[in-house]
Amino acid sequence: MTLALSTPHLTAQEQITNKGVKKRVALMLTAQAAVATLTDMMAGRVVFHPTRARAARRTLMQTSRNTIKRFKRPHSDPLSNARPEIWTYWSDFKANAEVADDAARQLNVNSLAGLRRTLPNVLQSCLSCHDSYRVEPNEFTTH
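So, here is what we can say about the structure in this document.

What counts as what
- Residues numbered from 1 in each chain as written.
- Predicted model: local features only at pLDDT ≥ 70, side-chain atom pairs only at ≥ 80, totals over all residues.
- Heavy atoms only, no water.
- Helix = DSSP H or I, 4+ residues; strand = E, 2+ residues; numbered from the N terminus.
- Expected span 1.5 Å × (residues − 1).
- Bend = angle between axes of the 7 residues up to and from the residue.
- Buried < 20%, exposed > 50% of the residue type's maximum accessible area, 1.4 Å probe, protein only.
- Contact = heavy atoms within 4.5 Å.
- Axes fitted to C-alpha atoms, helices over the stretch in contact; angles between N-to-C directions.
- Parallel < 35°, antiparallel > 145°, perpendicular 65-115°, else oblique.
- Left-handed = near helix turned anticlockwise from the far one by under 90°.
- Polar contact = N/O pair within 3.5 Å; in protein donor to acceptor, adjacent residues only side chain to side chain.
- 1 Å grid on protein atoms, 1.4 Å probe; cavity = no way out; pocket = protein on both sides within 12 Å on 5 of 7 lines; lining within 4 Å.
- Points joined across faces, edges and corners; volume = space filled by probe spheres on them.
- Nonpolar A, V, L, I, M, F, W, Y, C, P; charged D, E, K, R; others polar.
- Salt bridge = Lys/Arg side-chain N within 4 Å of Asp/Glu carboxyl O.
- Phe/Tyr/Trp six-rings, centres within 6.5 Å; stacked < 30°, edge-to-face > 60°.

### Side note on helix 4 (residues 50-71)
Okay, step 1: In this model helix 4 runs 31 Å from its N-terminal to its C-terminal C-alpha over 22 residues, within 8% of the 32 Å that 1.5 Å per residue would give.
Okay, step 2: The largest bend along helix 4 reaches roughly 30° and is located at Arg65.
Okay, step 3: Listed in full, the buried residues belonging to helix 4 are Ala53, Ala56, Leu60, Met61, Thr63, Ser64, Thr67 and Phe71.
Okay, step 4: Buried residues belonging to helix 4 abut helix 3 (19-43), helix 5 (85-88), helix 6 (90-105) and helix 7 (112-133).

### Brief notes about the packing of helix 6 against helix 7
Okay, step 1: Closest axis-to-axis distance for the helix 6/helix 7 pair is 8 Å, and the angle between their directions is 160°. When the interaxial angle is binned, helix 6 and helix 7 end up roughly antiparallel. Viewed along their axes, helix 6 and helix 7 form a crossing whose handedness is left-handed. Along the contact surface, helix 6 presents Asp92, Phe93, Asn96, Val99, Ala100, Ala103 and Ala104, while helix 7 presents Asn121, Val122, Ser125, Ser128, Cys129 and Tyr133.

### So, the side chain of Thr118
Okay, step 1: Structurally, the position occupied by Thr118 is in helix 7.
Okay, step 2: Here the side chain of Thr118 touches Asn108 through a polar contact of 2.9 Å, landing on its backbone nitrogen.

### Details of the environment of Ala55
Okay, step 1: Relative to the helices and strands, Ala55 is located in helix 4.
Okay, step 2: On the basis of relative accessibility, which here comes to 29%, the residue Ala55 falls in the partly exposed class.
Okay, step 3: Sequence separation between Ala55 and Leu38 is 17 residues, and the spatial gap between their C-alpha atoms is 10.0 Å.

### What to know about the layout of surface pockets
Okay, step 1: A volume near 180 Å³ is recorded for the second largest pocket.
Okay, step 2: Lining the second largest pocket, in full, are Lys19, Gly20, Lys23, Lys69, Arg70, Lys72, Arg73 and His75.
Okay, step 3: The greatest single-element share of the lining of the second largest pocket, amounting to three residues, is contributed by helix 3.
Okay, step 4: Its residues assigned to classes, the lining of the second largest pocket shows no nonpolar, two polar and six charged.

### Quick notes on the pattern of salt bridges
Okay, step 1: Taken as a whole and judged by the stated rule, the model has three salt bridges.
Okay, step 2: Taking the shortest distance from any N to any O, the salt bridge between Arg45 and Asp40 comes out at 2.8 Å.
Okay, step 3: In this structure, the salt-bridge partner of Asp102 is Arg105, at a minimum N-O distance of 3.6 Å. Taken together, the positions of Asp102 and Arg105, both in helix 6 and three residues apart, correspond to about one turn of that helix.
Okay, step 4: The exposure class of Asp102 is partly exposed, given its relative accessible area of 31%.

### Comments concerning the packing of aromatic side chains
Where two aromatic rings form a pair, the distance of their centres and the angle of their planes describe that pair.
Okay, step 1: Applying the stated criterion across every chain, the model contains three aromatic pairs.
Okay, step 2: Arranged with centres 5.2 Å apart and planes meeting at 50°, the rings of Phe71 and Phe93 form a pair that is tilted. One end of the pair, Phe71, is in helix 4; the other, Phe93, is in helix 6, and 22 residues separate them in sequence. For the residue pair Phe71 and Phe93, the accessibility class agrees, reading buried in each case.
Okay, step 3: For the ring pair Phe93 and Tyr133, a centre distance of 5.5 Å and an interplane angle of 85° mean the geometry is edge-to-face. Of this pair, Phe93 sits in helix 6 while Tyr133 sits in helix 7, placing them 40 residues apart in sequence.
Okay, step 4: By relative accessible area, Phe93 is classed as buried at 3%.
Okay, step 5: Within the aromatic cluster, the residues linked to one another by ring pairs are Phe71, Trp90, Phe93 and Tyr133.

Below, the structure is given as structure tokens:
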């Protein structure tokens, strides 16, 4: 029997060896889960639930507040999706992170209408930063 057959498959996150990169990935996955909760509500895939929406907003506020801290040092790992331009253009990256933080704080989760009006700003701020500073992950490696 080979080791591959006796060892459970490790996700890309579990294979990352650099602790700084692991913390960044964990932060981004936490934010991604909160966004998924809110987008499912906004799209009507799940029923809007104010308590869950507020919890997701709190999570987004916490993760966006910690983005600059988690990316401040240029930790690297072959499985990292962070482009080195983050640290070359640090002031721009930091400004993008601050826009995302502001959008998360302004997220209105008191009603479905409020969520539909304000969540696109959060999504746009995330996508804008990812377009510039994130390498597209290889789906076969990361999923």
